[in-house]
Amino acid sequence: MNNQEVAVKVAAGKSIGRSHDMFEARARVDGSLNFALNAELPNMTVARLLRSQTPHARITSIDTSQAEAMEGVVAVLTAADFDGEGSPNRHFGAVIRDQPVVCGTKVRFAGDIVAAVAAETDDIAEAALLAIEVEYEELPVVAELDDALADDAALVHERPPEPRERSYADIKLQGREGNICTKFQLRKGDLDAGFAMADHIVETTYESPAVQHVPMEPHVVLASFEGRRLTVISSTQTPYAVRDTLAEMFGLPTWSVRVIVPPLGGGYGAKTYSKFEPVTAALAWKARRPVKLVLSREEEFVAVTKHAARIRLRTGVTAEGKLVARDVEVHFNAGAYADISPRLIKNGGYSCVGPYDIPHVRVDSYAVYTNRPPAGAYRGYGVSQAAWAYERQMDEIADLLGIDPVELRRRNLLQEGSRFATGEVMHEARWTELLERSAAAVGWPADRRVQVSDTRVRGKGIAVILKSTITPSTSNAVVRLDADGSLQVLTSSVEMGQGAHTVLAQIAAEPLGIPVTSVHVTAPDTQYTPYDQTTSSSRTTRAMGGAVTHAVSAVRDRLLALAGDLLEVAADDLVLEDGDVVLRGAPATRVSIQDVLYRTRTGSISGDGEIKTVGGLDAETGQGIASDHWHQGAAGAEVEVDLGTGKVYVKHLHAIAYAGRVVNPKMARLQMHGSMFFGMGHALYEELVFEDGILTNPNLSDYSLLAMGDVPEVLEVEFLEDEHETTIHGLGETVLPPVIAAIGNAVSAAIGARVTRLPITPERVLEAMNA
């Protein structure tokens, strides 16, 4: 199946295009929904992790004898347990096998796991941790990008760690020296010639901090062995990736590793790929009993973060406002271990070009090892950092040229048939319309800056973005129509509060003409549910929805053939509606689905479907296919700034995304609201603060989050649909990045000063004004 064929079309009907409440909404609210947190097994023990308190050190000795002698301690896991014959591998990683299950000779961030305990109770496990004695030889700390990139920098990894043998086809590893984890590069046109054409060259550096995902549910893993068979219940977004990692780690065939995923209490990327499944499974392997690990909120803060980033943009522009060249240098702070940084720097790197037609481009994007907690996938996946930079710079260029910021964007936006910086042709290009509708919503261009009083000033900002989705990727689905007319959908897409299973039920119900309530969507279980690459990247409705559509189509064809035989008519003359098979043009001639299966002695009808996308970029030039399709969004903001305190108040926020066809308007709006709130938090509040590699705000008392009182007086979401286009575009992340940049542009317009660093705290507003 090629890229053009992947866009499975869905038409509005009795299920698709209508608002349905999420199946489990009430159960999530009243506490009756079973999460991984609720899972228990007979003879289960509890796990606790001993973590390093120093960000960079050699382990000179570790003594666990007192802990092991304590009553109620079942097992203590250290690096020594991985040395014997038949022991599991001690390192894992989605792309590079650089992360230890437990540290051996060295710790690389404050929070690195040194030992793990399985005990009968929480109190015993905690006491055992206190009884473990570890001695360290401290090493120089390289927690910041400049420290890590210095010529004489201490190395987080003495030599480049080994790549995983079976990683992802779209990821290329290059530039691996010093503290550079990996590099992505893109080349288009002739950069020198492009800058020679420019009347102005604007160069600015923009910074985004590390932030925490803060899902309501922490990471939870319950692991148990039965002989050589491993079963894991996990709050993961990627059950098959976890299965494969554990199979590799223990040298097991994949069929002997089972991963079960109950509904999640949020993920936002934090729960992609293996995180704490390896250490929990290793404890269960040693203890020979089930082991359950539940992270505390403080541990969540050092589990995984969004990438801090520093982006230098050098852009050439003509006097008429035409962008002719862009040179980009990006450094993403990967933390101590690679996680999925090698892919994220690719997506974040080419995204720095923005949704603009720029003929000459160079991008160098780096993942940098530091002595910080590992950075991984985060809602927006590198695009929010990129959009913050390129959309802030667009306003700076507009001010330099004396051109309205909306007009400057309009002159440069990609159009239908344009070629992006990667060389691929853009389809369904709707950026101009998105821009204009968001600008109109906030009353642009009137009153871009208004003095409200002696101490208050208002400003307006606009931003428009593009975001890729993971490409190539694969999703498989199996559906089964039973004799009672109900339909089961077997999928490994994870329900984490986004309503994925409800939407998949709507997609499945439509071709069969049955009510959505007759559809049951299973939770992922790698022993039974078919492969899905990941529940992330805003891909589930389009990719898994496409696989479900193919599977249901096969069931529908078989059902109509059976009914045609019963009614002695051609299958092509039959339609499905309200649970019946009906002769087209003769509604009185009908038979129920139940009767068809009963009278033909067909117990059930099964079908399977698959969606595969193709793509990939050349390692040297970055040319190729970066994304199966492109997510498109825009935002407009009006803010009020207190000139005395620097406090920013968002008064009006509008966001719009191109959706193609919306399956469930109610849940789509809620997804977009969530993205907008995330964007506001990143723009104004959220930041993980480190001092010499030590996180100083690892709790919800000191880490600032958006509160209900911060929600704007006017909050608007809008979908751009196309009545002639029935393909689906993801909405889960699309408006987060432009919200951040729109607020930044509004603040800059209000105070008349450059803002380049997130979050835009009162202190930074005052600094910008004074500068």
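The rules behind each value
Residues numbered from 1 in each chain as written. Predicted model: local features only at pLDDT ≥ 70, side-chain atom pairs only at ≥ 80, totals over all residues. Heavy atoms only, no water. Helix = DSSP H or I, 4+ residues; strand = E, 2+ residues; numbered from the N terminus. Rg over C-alpha atoms; globule rule 2.2 N^0.38 Å. Buried < 20%, exposed > 50% of the residue type's maximum accessible area, 1.4 Å probe, protein only. Lys, Arg positive; Asp, Glu negative; His and termini not counted. Charge placed at Lys NZ, Arg CZ, Asp CG, Glu CD. 1 Å grid on protein atoms, 1.4 Å probe; cavity = no way out; pocket = protein on both sides within 12 Å on 5 of 7 lines; lining within 4 Å. Points joined across faces, edges and corners; volume = space filled by probe spheres on them. Nonpolar A, V, L, I, M, F, W, Y, C, P; charged D, E, K, R; others polar. Pairing = 2+ DSSP bridges. Axes fitted to C-alpha atoms, helices over the stretch in contact; angles between N-to-C directions. Right-handed = clockwise from strand over helix to strand, strands pointing away. Phe/Tyr/Trp six-rings, centres within 6.5 Å; stacked < 30°, edge-to-face > 60°. Lys NZ or Arg CZ within 6 Å of the ring centre and 35° of its normal. Arc of directions from axis to C-beta. Contact = heavy atoms within 4.5 Å. Core = buried A, V, L, I, M, F, W, Y, C linked by side-chain atoms within 4.5 Å. Salt bridge = Lys/Arg side-chain N within 4 Å of Asp/Glu carboxyl O. pLDDT = per-residue confidence, 0-100. Expected span 1.5 Å × (residues − 1). Parallel < 35°, antiparallel > 145°, perpendicular 65-115°, else oblique.

Colleague: Would you mind showing me how to read the overall build of the protein here?
Modeller: When helices and strands are tallied, the protein shows 18 helices and 33 strands. Its C-alpha radius of gyration of 27 Å places the protein within 12% of the 28 Å reference for a compact globule of 771 residues. Reported as C-alpha extents along the three principal axes, the dimensions of the protein are approximately 80 × 70 × 50 Å. When the 771 residues of the protein are sorted by exposure, 63% land in the buried category. Distance between charge centroids for the protein: 3 Å, based on 73 positive and 102 negative side chains.

Colleague: When you look at empty space enclosed by the protein in this model, what are you seeing that I'm missing?
Modeller: Take a probe with the size of a water molecule and roll it over the atoms, and the empty space left behind shows itself. Tallying each qualifying case throughout the model produces nine cavities of 30 Å³ or more. The calculated volume of the largest cavity comes to roughly 150 Å³. Surrounding the largest cavity, 18 residues form its lining, Q99, F109, I113, K275 and F276 being those nearest its centre. In the lining of the largest cavity, the residues fall into 12 nonpolar, two polar and four charged. Roughly 90 Å³ of volume is contained in the second largest cavity. What lines the second largest cavity is simply D170, K172, T182, K183, F184, P342, I345, K346, L617, D618 and A619. Put simply, the parts of the chain that give the lining of the second largest cavity at least two residues each are β9 (180-188) and α9 (341-351). When the residues that make up the lining of the second largest cavity are grouped by side-chain class, the tally is five nonpolar, one polar and five charged.

Colleague: So what exactly am I meant to see when it comes to the sheet that holds strand β17 (residues 360-369) here?
Modeller: Two orientations exist for strands paired in a sheet by backbone hydrogen bonds: parallel and antiparallel. Taken in spatial order, the five strands make up an open sheet running β9-β17-β16-β15-β10, and their pairing is mixed. At either end of the open sheet lies a strand with only one pairing partner, and these are β9 and β10 (200-208). Taking each pair of neighbouring strands and ignoring which way they run, the sheet shows an average axis angle of 10°. Note: β10 against strand β15 (residues 308-317), nine bridges, orientation antiparallel. Residue pairing in the sheet places T204 in a bridge with L313 of β15.

Colleague: Help me understand the pairing of strand β13 (residues 257-260), please; the structure alone is not making it clear to me.
Modeller: For a regular strand, side chains alternate in direction, first toward one face of the sheet and then toward the other. Side chains V257 and V259 project from β13 onto a buried face, and the interleaved R258 and I260 project onto a face without burial. Bridging between strand β12 (residues 229-234) and β13 involves four bridges; their strand directions are parallel. The residue of β13 that forms the bridge with T231 is R258. Handedness of the crossover joining β12 and β13 through helix α6 (residues 239-250) is recorded here as right-handed.

Colleague: Quick question: what am I supposed to make of the packing of aromatic side chains here?
Modeller: Aromatic ring pairs are described here by two measures, namely the spacing of the ring centres and the angle between the planes. Evaluation of the coordinates by the stated rule reveals 11 aromatic pairs. Residues F184 and Y350 carry aromatic rings whose centres are separated by 6.2 Å and whose planes lie at 80° to one another, so their mutual orientation is edge-to-face. Of this pair, F184 sits in strand β9 while Y350 is found in helix α9, placing the two residues 166 residues apart along the sequence. The buried category is assigned to Y350, whose relative accessible area is 0%. One aromatic cluster is present, built from ring pairs that chain together F184, Y350, F420 and W630. Of note, K306 hangs over the ring of Y378, and the distance from its end group to the ring centre comes to 5.7 Å. One residue, R379, lies across the ring of F678, its end atom 4.8 Å from the ring centre.

Colleague: Please clarify how helix α12 (residues 431-441) should be interpreted in this entry.
Modeller: One full turn of an α-helix is made of 3.6 residues, so residues set three or four places apart face in the same direction. Buried within α12 we find W431, T432, L434, L435, S438 and A439. In a view along the axis of α12, the buried residues occupy a sector of 165°, so they form one face of it. As for α12, its buried residues are in contact with α11 (405-412), β19 (456-467), β29 (631-642), β30 (648-660) and β33 (714-721). Among the residues trailing α12, G443 stands out with phi positive, at a value near 75°.

Colleague: Please clarify how the nonpolar core should be interpreted in this entry.
Modeller: Considering soluble globular proteins, one finds that nonpolar side chains tend to be buried as a cluster. Membership of the largest hydrophobic core comes to 139 residues, with the highest contact counts inside it found for F420, W431, I743, V747 and I751. By residue number, the principal contributor to this core is helix α17 (residues 736-751), which donates 10 residues. In this structure W431 touches P355, L413, L414, M426, V464, I465, L466, W630 and Q632, once residues within four positions along its chain are discounted. Counting 41 residues, the second-largest nonpolar core is a separate cluster that includes M22, I507, L576 and I611.

Colleague: What is the right way to read the pattern of salt bridges from this model?
Modeller: It is possible for side chains bearing opposite charge to pair when their charged atoms get close. On inspection of all chains with the given rule, the structure shows 49 salt bridges. Two residues, D395 and R448, come together in a salt bridge whose shortest N-O distance is 3.5 Å. One end of the pair, D395, is in helix α10 (residues 383-401); the other, R448, is in the loop between α12 and β18 (449-451), with 53 residues separating them in the sequence. A relative accessible area of 2% places D395 in the buried class. Under the relative-accessibility criterion, R448 is labelled partly exposed at 23%. Residue E638 is joined to R458 by a salt bridge in which the shortest nitrogen-to-oxygen separation is 3.7 Å. Placement of E638 in strand β29 and of R458 in strand β19 is noted, with a sequence separation of 180 residues between them. For R458, a relative accessible area of 23% translates into the label partly exposed. A single salt-bridge network, built from bridges that share partners, covers E203, R312, R314, D327, E329 and R362.

Colleague: Before we go on, may I ask you to explain the confidence of the model for the protein in this structure?
Modeller: The predicted coordinates of low-pLDDT regions are not to be read in fine detail. On average, the protein scores 96 in pLDDT, and the residues at 70 or more come to 98%. Here residues 1-7 is modelled with pLDDT under 50, and outside its nearest four sequence neighbours on either side it reaches 18 contacts, counting other chains as well.

Colleague: In this structure, what is going on with α17? I would like to understand it.
Modeller: Over its 16 residues, α17 extends 23 Å from the first C-alpha to the last, a length consistent with the 22 Å expected when each residue adds 1.5 Å. Burial runs high along α17: 16 of the 16 residues are buried. Backbone geometry just after α17 places G752 at a positive phi near 65°.

Colleague: Looking at this model, I keep getting lost on the packing of α11 against α12. Mind explaining?
Modeller: A pair of packed helices can be characterised by two numbers: the angle between their axes and the separation between those axes. One can describe the packing of α11 onto α12 by two numbers: an axis separation of 10 Å at closest approach and a directional angle of 170°. Of the possible angle classes, the one that applies to α11 and α12 is roughly antiparallel. Of α12, the residues touching α11 (which contributes V406, R409 and R410) are T432, L435, E436 and A439.

Colleague: What is the right way to read the sheet that holds β19 from this model?
Modeller: Read from one edge of the open sheet, five strands run β18-β19-β29-β30-β33, paired in mixed fashion. The sheet is open, and its two edges are formed by β18 and β33, each paired on a single side. Neighbouring strand axes in the sheet, compared pairwise and without regard to direction, differ in orientation by 15° on average. Sheet analysis places β30 next to β33, joined by eight bridges and oriented parallel. The residue bridging H652 from the neighbouring strand is V714, located in β33.

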